[in-house]
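Chain and residue survey
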Amino acid sequence: MTHPVLEVRDLARHFTLGTGLLGGAPRMVKAVDGMDFAIPAGKTLALVGESGCGKTTATRMILRLDQPTRGRVLVDGQDIHALKGAALRLFRSKVQAVFQDPWSSLNPRMRVRDLVAEPLMASRKLTRKEVDMRVDKVLGDVGLRPDQARNFPHEFSGGQRQRIAIASALIAEPKLIVLDEPVSALDVSIRSQIMNLFKDIQQEYGVSYLLVAHDLATTRYLADEVAVMYLGRVVETGAADAIFSAPRHPYTRALFSAALPGHPDDPHDEIILSGELPSPLNPPTGCAFHPRCQMKLGEICATQAPILLDPGRLGPVACHHYPT
């Protein structure tokens, strides 16, 4: 049986806060409250939503930086939060990350060769010659020259530093790379080069990506599947082309309406949401989106939380407009 590279099942992370100055019962924040999705080998899933929706918390659990309150994160069918010893070291080589700001993720006191080689040295026993050959290979794959390996990060531009970070993530031949806003800190002129690089790497290495992004243009170009989050929950998932062309959940429609159309002549009507994203300290009853929704049905939306189900083989959606 072939497992997805990454599978997330009913993943949740709840935080208990203190009682405050006036006392009272402790308060619960449900930063992530039941997520389900999977990424097959060689594919990209984008996790999108407003700031504060839970993307970062979910990413931290997938990278094993936070422990879930409930649910499981499976990589190649193994629960990553149950791994120990050699199995845990293998997980560290299977799953890598590229972050938004390459400068903050690169040690300024280390030469590029040592920075790139570090994940490989931590996971495998290789000779120095084997490591050097591997470093030269991945530097070439990301568009850098092998002789640049002796330089320090400050000697490179922002786009080149991101290439170094990509090489470091790639060197241990991972199965999954988490891309956390990977081009948002770069100049616009450089973004398309890095996005094309991600495409080329995926084609050559067969790696899967979890793309965490708020930039919908990046999402549309890189993603095969999209999962839309709102207040800690996934409200819609599906093929990227289908979601961009015909989003079904009212929140997805509003979120994607803010993006520029693919062609200047395409019709474009932006949906303006009323109000702000509710606080996870005091979430609305029923559907969490109903206070801002222009399509709410009344009592059912205000009192009953919709379940993420697939009503017509277009991908799951959590909305009372789509009963099964």
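Structure: see above.
First, a word on what this report is: a plain description of the structure on this page.

So, how was this worked out
Residues numbered from 1 in each chain as written. Predicted model: local features only at pLDDT ≥ 70, side-chain atom pairs only at ≥ 80, totals over all residues. Heavy atoms only, no water. Phe/Tyr/Trp six-rings, centres within 6.5 Å; stacked < 30°, edge-to-face > 60°. Helix = DSSP H or I, 4+ residues; strand = E, 2+ residues; numbered from the N terminus. Buried < 20%, exposed > 50% of the residue type's maximum accessible area, 1.4 Å probe, protein only. Polar contact = N/O pair within 3.5 Å; in protein donor to acceptor, adjacent residues only side chain to side chain. Contact = heavy atoms within 4.5 Å. Pairing = 2+ DSSP bridges. Axes fitted to C-alpha atoms, helices over the stretch in contact; angles between N-to-C directions. Right-handed = clockwise from strand over helix to strand, strands pointing away. Core = buried A, V, L, I, M, F, W, Y, C linked by side-chain atoms within 4.5 Å.

The next subject is the packing of aromatic side chains. Throughout the structure, instances matching the rule amount to 5 aromatic pairs. Seen from their ring centres, Phe 198 and Tyr 209 are 5.7 Å apart, and the 75° between their planes marks the pair as edge-to-face. Of the two residues, Phe 198 sits in helix H7 (residues 188-205) while Tyr 209 sits in strand S8 (residues 208-212), which places them 11 residues apart along the sequence. By relative accessible area, Phe 198 is classed as buried at 1%.

Moving on to the side chain of His 81. Mapping His 81 onto the fold places it in the loop between strand S5 (78-79) and helix H2 (85-94). Polar side-chain contacts of His 81 include one of 3.0 Å to the backbone oxygen of Met 61. Setting aside its immediate chain neighbours within four residues, His 81 contacts Met 61, Arg 64, Asp 66, Gln 67, Pro 68 and Val 73.

Before going further, it helps to examine the sheet that holds strand S1 (residues 6-17). Each strand in a sheet pairs with its neighbour through backbone hydrogen bonds, running either in the same direction (parallel) or in the opposite one (antiparallel). Read from one edge to the other, the open sheet built from 4 strands follows the order S2-S1-S4-S5, with strand pairing classed as antiparallel. Lying at the two open borders of the sheet, with one neighbouring strand each, are strand S2 (27-39) and S5. Bridge count for strand S4 (residues 70-75) against S5 is 2 bridges, and the pairing is antiparallel. Pairing of Leu 74 across the sheet is with Asp 79, part of S5. Helix-sheet contacts for helix H1 (residues 55-62) involve S1, S2 and S4, and the interaxial angle to S1 is about 115°.

With that out of the way, let us pick up the pairing of strand S7 (residues 176-180). The buried fraction of S7 amounts to 5 of the 5 residues, a majority that puts the element mostly inside the structure. Because side chains alternate across S7, one face comprises the buried residues Leu 176, Val 178 and Asp 180, and the other comprises Ile 177 and Leu 179, equally buried. Strand direction decides the pairing type here: S7 and S8, joined by 5 bridges, are parallel. Directly across from Leu 176, in S8, lies its bridge partner Ser 208. Once you follow S7 into H7 and on to S8, the crossover reads as right-handed.

Ranked by size, the top nonpolar core spans 54 residues in total, and within it Val 116, Val 226 and Phe 256 carry the most contacts. Per-element accounting of this core gives the leading share, 6 residues, to helix H6 (residues 158-170). Setting aside anything within four residues of it in sequence, one finds Val 116 in contact with Val 135, Val 138, Leu 139, Ile 164, Ala 167, Ser 168 and Ile 171. Core analysis: the next-biggest nonpolar cluster, separate from the first, contains 29 residues, Leu 63, Leu 176, Val 212 and Met 229 among them.

Here 6 strands make up an open sheet; going across it, the order is S6-S7-S8-S3-S9-S10 and the pairing mixed. The sheet terminates laterally at strand S6 (95-98) and strand S10 (233-239), the two strands that pair on one side only. Between one strand axis and the next, the sheet turns through 20° on average, direction left out of account. The strands that helix H10 (residues 250-257) touches are strand S3 (44-48), strand S9 (225-230) and S10; relative to S9, the one it contacts most, it runs at about 105°.

Purely geometric stuff here, so don't read any function into it on its own.
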